[in-house]
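# A look at the structure
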Amino acid sequence: MSERGAQMNKITDARYESFRKNLEAVNGTCVRAARKKIGEAVAGIFQEAGVKDACLPETPLFQETGVKEALEAAGIQVYTDHIRLHAETARGGISEAQYGIAELGTLVQCRDSADERIAATMSEVYVGVVPGSEIVETYDDMFDLLSGLDPIPNFVGFITGPSRTADIECVSTVGVHGPIQLFAVVVDDA
């Protein structure tokens, strides 16, 4: 957890509700989970969406909280290596988001890991896991935070809702350049 996260300790109910409401406004879905329940929350999301296989770049958080084991216990095939190969066919993808923006319902990835970016963009059903203490209120707050990082990551990605695009006639299509469904699991730090 960052120094800023340690100072915030945990997300407030009001900030969580703002994040949730704004994510749902762009057709995303949000759930809140205790740190030790991340795996159960993700497994429940995938079971409800009918996901039978998923790419999971293993991070210390996911290893510590047994996400892979929880998914396997729910009957979900989990790919933790060769993510590039499996992402083409696996319906689900899970990765960490380091930050969130409440006013937009946006997840923010700030890591150089290609596997985490692939899981976020190539899956049909994507679950981003974000620490509640790392959700800031506004877009400007996020840029203040990012400008203070040393070093600034080589990759910073903003994820706001499922992929959506439109053609010249304004016919909207979901899922062309990314997930059809996006879920955020906001982790209570306390």
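Conventions we followed
Residues numbered from 1 in each chain as written. Predicted model: local features only at pLDDT ≥ 70, side-chain atom pairs only at ≥ 80, totals over all residues. Heavy atoms only, no water. Helix = DSSP H or I, 4+ residues; strand = E, 2+ residues; numbered from the N terminus. Buried < 20%, exposed > 50% of the residue type's maximum accessible area, 1.4 Å probe, protein only. pLDDT = per-residue confidence, 0-100.

This next bit is on unusual backbone geometry. Residue Pro151 follows Asp150 across a cis peptide bond; omega there is 0°. With respect to the helices and strands, Pro151 occurs in the loop between α8 (139-147) and β9 (157-159). The phi angle at Asn27 is positive, at roughly 70°, despite the residue not being glycine. Locating Asn27 in the fold gives a position in the loop between α2 (13-25) and β1 (29-34). Of note in this structure, His82 is not a glycine but carries a positive phi near 50°. Assignment of secondary structure puts His82 in the loop between β3 (77-79) and α6 (83-86). Classification of His82 by relative accessible area gives exposed; the value is 57%.

Before going further, it helps to examine the confidence of the model for the protein. Residues with a pLDDT of 70 or more make up 85% of the protein, whose mean pLDDT is 87. No element of the protein has a lower mean pLDDT than helix α1 (residues 3-8), which averages 42, and none a higher one than helix α5 (residues 67-73), which averages 98.

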